[in-house]
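# Observations on chain architecture
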Amino acid sequence: MRAKQRRGPKTTALPFQTLAELPTGQRCIIDRLELPEDVARRLMELGFLPGNEVIPGKRAPGGGPRVFRVDGSEVALRDDTAAKLYIRRDPESDFVVLP
């Protein structure tokens, strides 16, 4: 008779998250942008380049755009845009307190 092996619950941890999913103040690194070329180009001009650090800030009242600190500037993005910017998180990165 064969003994049953016990296995823990399966976790479906995704290797990438999007910018829209991060809590306020959690540092991250841009991995890739999955947007139309013209929108991606404009965001890259604003500093959203793969490899750059981004810090999510506060959200506008009523669920409006969210502010992100990138390359020394603060840029507001809608959730649908932020959801198409994939990021890597450094497990040792600290939360940042934004004013």
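We note that D71 has phi near 50°; this positive angle belongs to a residue other than glycine. Relative to the helices and strands, D71 is located in the loop between strand 4 (66-70) and strand 5 (73-77).

Below, the discussion takes up the nonpolar core. Of all hydrophobic cores here, the largest spans 17 residues; its most connected members are L19, I30, F48, V54 and L85. Only strand 2 (28-33), helix 1 (37-45), strand 4, strand 5 and strand 6 (85-88) provide two or more residues apiece to this core. Here this core gets three residues from one element, more than from any other, and that element is strand 2. Ignoring sequence-local partners within four residues, the contact set of F48 consists of L19, I30, L33, L43, V54, F68, V70, V75, L77 and L85.

We now examine the pattern of salt bridges. Taken as a whole and assessed by the stated rule, the structure comprises eight salt bridges. For R88, the salt bridge is made with D31, and the minimal N-O distance between the two is 3.1 Å. Of this pair, R88 sits in strand 6 while D31 is found in strand 2, placing the two residues 57 residues apart along the sequence. As a salt-bridge pair, R69 and E74 come within 2.8 Å of each other at their nearest N and O atoms.

Glancing now at the sheet that holds strand 5. With antiparallel pairing, six strands are arranged side by side in an open sheet as 1-6-2-3-4-5. The outermost strands of the open sheet, each flanked by one partner alone, are strand 1 (17-18) and strand 5. Examined bridge by bridge, strand 3 (residues 53-59) and strand 4 share four bridges and lie antiparallel to one another. Following the sheet pairing, I55 is matched in strand 4 by R69.

The next subject is the environment of P50. Tracing the backbone through its elements, the reader meets P50 in the loop between helix 1 and strand 3. Spatially, the C-alpha atom of P50 lies 7.8 Å from that of L33, the residues being 17 residues apart in sequence. Aside from chain neighbours lying at most four places away, what touches P50 is I30, D31, L33 and M44.

Burial along strand 6 is one-sided: the face carrying L85 and I87 is buried and the face carrying Y86 and R88 is not. Note: strand 1 against strand 6, two bridges, orientation antiparallel. Among the inter-strand pairings, Q17 is bridged to a residue of strand 6, identified as I87. Bridge analysis of strand 2 against strand 6 gives four bridges, and the strand direction is antiparallel. Across the sheet, residue L33 finds its bridge partner in strand 6, namely L85.

Calculation rules
- Residue numbering note: each chain is counted from 1, following its sequence as written.
- Predicted model: local features are reported for residues with pLDDT of at least 70 only, side-chain atom pairs are reported and counted for 80 or more only, and whole-chain, interface and lining totals are derived from all residues.
- With hydrogens and water set aside, each side-chain value is computed from the structure's full complement of heavy atoms.
- Helix and strand definitions here come from DSSP, where helices need a minimum of 4 consecutive H or I residues and strands a minimum of 2 consecutive E residues; each element is numbered from the N-terminal end.
- Residues belong to a common nonpolar core when they are buried Ala, Val, Leu, Ile, Met, Phe, Trp, Tyr or Cys residues joined through side-chain atoms within 4.5 Å.
- Each residue is assigned to one of three classes by its accessible area relative to the maximum for its type, calculated with a 1.4 Å probe on protein chains only: buried under 20%, partly exposed between the two thresholds, exposed over 50%.
- By definition in these notes, contact holds between two residues if any of their heavy atoms fall within 4.5 Å.
- A side-chain nitrogen of Lys or Arg and a carboxyl oxygen of Asp or Glu constitute a salt bridge if their distance falls within 4 Å.
- For two strands to be treated as a pair, DSSP must find no fewer than two bridges joining them.

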